[in-house]
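Spelled out from the first residue to the last, the chains are:
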Amino acid sequence: MSPTQIIDIQDVRNAGAAGASAGQDINILGFGQVVPDGMSWNACPTRETKIDFGTILKDRKASKFFSKQDSLALIACHQAWSMAKITDSNYPDRTGIYLCVGILPFEDKPLQKIAQLSQTDGMLDMQKSSTDSFNAMNPLLTFKCLPNMPLYHVSATLGITGRYFMTYPGIPEWFSALERAVFDLQTGLVDYAIVGAAADQNNYLVQHHIRRIRPDLLDKLVDVSSAMVLTTKKTGAELARLINIETKYQAFNPLENKSLLVQSSGAFFSHAGVVEPSLYLNLKLKERSNDQITYSWKGSMTNSCSMTAELL
């Protein structure tokens, strides 16, 4: 993310920036999300999120390669893509995927196995770690803890072969993905953009991390995902358009300001993590109670993000 970035999409449109699609509206064609049953702005009756993606897969045997964050991302993106109803024959190469995932998860049993097989008399043994521990691990776990795997599964399942951008693990980084998508759309590099976020937070490793930096959030962590489809094209099915994106970022020492990594806007009772801005926009689109939707996040005096969309 650049130190300071303000994208007034209407100004860009009027100025007619260079590029095949430059100067056009950034329209929202579809959106999707996965949240716990009954989750609302002010309540979350259960922190359990139902995840069922079997009917989406071309090959159900591929499910063994999926982590929770992979399936969360795929379901939300599939919902958004289905709602968009894109029929262009050249969409595979002309669609970009721009994703952000939360704090990287890992399951407790494999971690315990790694720890046990990497010790001698209670001390770390590098030789055992590189032999016994390494050889005892299931190779499939390699695919389940990589931040880029959600994007791969979305690409493979939806048949999208265009540009992509992957980042993690905070709200400002989701804005980086959104900015990249807007740039690629405005300059004609893509015709459509899937912009999404996923967070596996009811997870041993993530909870261990949160317990150290923000223990007050432990009871509010939920597994969530959200996605939307953007385009500069006029399809007649536009739901809304983005009119402004503003980001301000200054590098900081995460060891000195740990809580900034999980800072939220407080829009929800639950802690949605990196998914919060996208989920906020999507739920407001679903409600359609206001003509304009504005989301703002402020991490500090030198770190802030906001976006505004206008309903159509």
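Residues numbered from 1 in each chain as written. Predicted model: local features only at pLDDT ≥ 70, side-chain atom pairs only at ≥ 80, totals over all residues. Heavy atoms only, no water.

1. A few points about the overall build of the chain
Piece 1. A tally of helices and strands in the chain yields 10 helices and 11 strands.
Piece 2. Taken along its principal axes, the extent of the C-alpha atoms in the chain is 70 × 45 × 40 Å.
Piece 3. Each of the 312 residues in the chain was classed as buried or not, and the buried ones make up 47%.
Piece 4. A sequence separation of at least 24 residues applies to 77% of the contacts in the chain between residues at least 6 apart.
Piece 5. If you sum the accessible surface of the chain, you get close to 14800 Å²; carbon and sulfur atoms cover 51% of it.
Piece 6. Positive and negative charge centroids in the chain, built from 29 and 30 side chains respectively, lie 3 Å apart. (Helix = DSSP H or I, 4+ residues; strand = E, 2+ residues; numbered from the N terminus. Buried < 20%, exposed > 50% of the residue type's maximum accessible area, 1.4 Å probe, protein only. Contact = heavy atoms within 4.5 Å. Areas by Shrake-Rupley, 256 points an atom, 1.4 Å probe, with all protein chains shown as cover. Lys, Arg positive; Asp, Glu negative; His and termini not counted. Charge placed at Lys NZ, Arg CZ, Asp CG, Glu CD.)

2. Let's talk about the state of the cysteines
Piece 1. In this structure the tally under the stated criterion is zero disulfides.
Piece 2. For Cys 77, which is in no disulfide, the shortest distance to another cysteine sulfur is to Cys 100 and amounts to 12 Å.
Piece 3. By relative accessible area, which is 1% here, Cys 77 ends up buried. (Disulfide = S-S within 2.5 Å.)

3. Side note on the packing of helix α2 (residues 68–84) against helix α7 (residues 149–158)
Two numbers describe a pair of packed helices, the interaxial angle and the distance between the axes.
Piece 1. Two elements in contact, α2 and α7, have axes separated by 8 Å at closest approach and are oriented at 40°. The pairing of α2 with α7 is recorded here as oblique in orientation. As for how α2 packs across α7, the hand of that crossing is right-handed. In this structure, α2 uses Gln 69, Asp 70, Ala 73, Leu 74, Cys 77, His 78 and Trp 81 to contact α7, whose residues at the interface are Met 149, Pro 150, His 153, Val 154, Thr 157 and Leu 158.
Piece 2. Looking at the contact of α2 with α7, its residues break down into eight nonpolar, four polar and one charged. (Axes fitted to C-alpha atoms, helices over the stretch in contact; angles between N-to-C directions. Parallel < 35°, antiparallel > 145°, perpendicular 65-115°, else oblique. Left-handed = near helix turned anticlockwise from the far one by under 90°. Nonpolar A, V, L, I, M, F, W, Y, C, P; charged D, E, K, R; others polar.)

4. Regarding the pairing of strand β2 (residues 26–34)
In summary, the side chains of a regular strand alternate between the two faces of the sheet.
Piece 1. For β2, the buried fraction is high: nine of the nine residues fall into the buried class.
Piece 2. Bridge count for β2 against strand β9 (residues 240–248) is three bridges, and the pairing is antiparallel. Directly across from Ile 28, in β9, lies its bridge partner Ala 240. (Pairing = 2+ DSSP bridges.)

5. With respect to the packing of aromatic side chains
Piece 1. In this structure the tally under the stated criterion is seven aromatic pairs.
Piece 2. Both rings, one in Trp 41 and one in Phe 268, keep their centres 4.8 Å apart while their planes meet at 10°; by these two values the pair is stacked. Here Trp 41, found in the loop between β2 and α2, pairs with Phe 268, found in the loop between β9 and α10 (276–287); they are 227 residues apart in sequence, far enough to count as distant.
Piece 3. Taking relative accessible area as the criterion, Trp 41 reaches 19% and is therefore assigned buried.
Piece 4. For Phe 268, a relative accessible area of 6% corresponds to the buried category.
Piece 5. Ring geometry for Trp 81 against Tyr 91: centres 5.4 Å apart, planes inclined by 50°, an arrangement best described as tilted. (Phe/Tyr/Trp six-rings, centres within 6.5 Å; stacked < 30°, edge-to-face > 60°.)

6. Here we look at helix α9 (residues 204–213)
Piece 1. Every buried residue belonging to α9 is among Val 206, Ile 210 and Ile 213, and all of these are buried. Viewed end-on, α9 has its buried residues packed into an arc of 70°, placing them on one side of the element.
Piece 2. Sitting at the head of α9, Asn 203 places a side-chain oxygen 2.9 Å from the backbone nitrogen of Leu 205. (Arc of directions from axis to C-beta. Polar contact = N/O pair within 3.5 Å; in protein donor to acceptor, adjacent residues only side chain to side chain.)

7. What about the nonpolar core?
Piece 1. By size, the foremost hydrophobic cluster in this structure holds 46 residues, and its most contacted members are Trp 174, Leu 178 and Leu 230.
Piece 2. Counting residues in each nonpolar core, the second largest holds 27 residues, with Leu 57, Trp 81, Ile 160 and Val 229 among its members. (Core = buried A, V, L, I, M, F, W, Y, C linked by side-chain atoms within 4.5 Å.)

8. A few points about the side chain of Asn 203
Piece 1. Structurally, Asn 203 can be placed in the loop between β7 (192–199) and α9.
Piece 2. The buried category is assigned to Asn 203, whose relative accessible area is 2%.
Piece 3. Reaching out from Asn 203, the side chain makes a polar contact with the backbone nitrogen of Leu 205 at a distance of 2.9 Å.
Piece 4. In contact with Asn 203, other than residues within four places in its own chain, are Pro 105, Phe 106 and Glu 107.

9. Some thoughts on the pairing of strand β3 (residues 95–101)
Piece 1. Within β3, seven of the seven residues are buried, leaving the element largely enclosed by the surrounding structure.
Piece 2. Pairing geometry for β3 and β7, over seven bridges, is parallel. What sits directly across from Gly 96, in β7, is Ala 193.
Piece 3. Examined bridge by bridge, β3 and strand β6 (residues 164–167) share four bridges and lie parallel to one another. Residue pairing in the sheet places Ile 97 in a bridge with Tyr 164 of β6.

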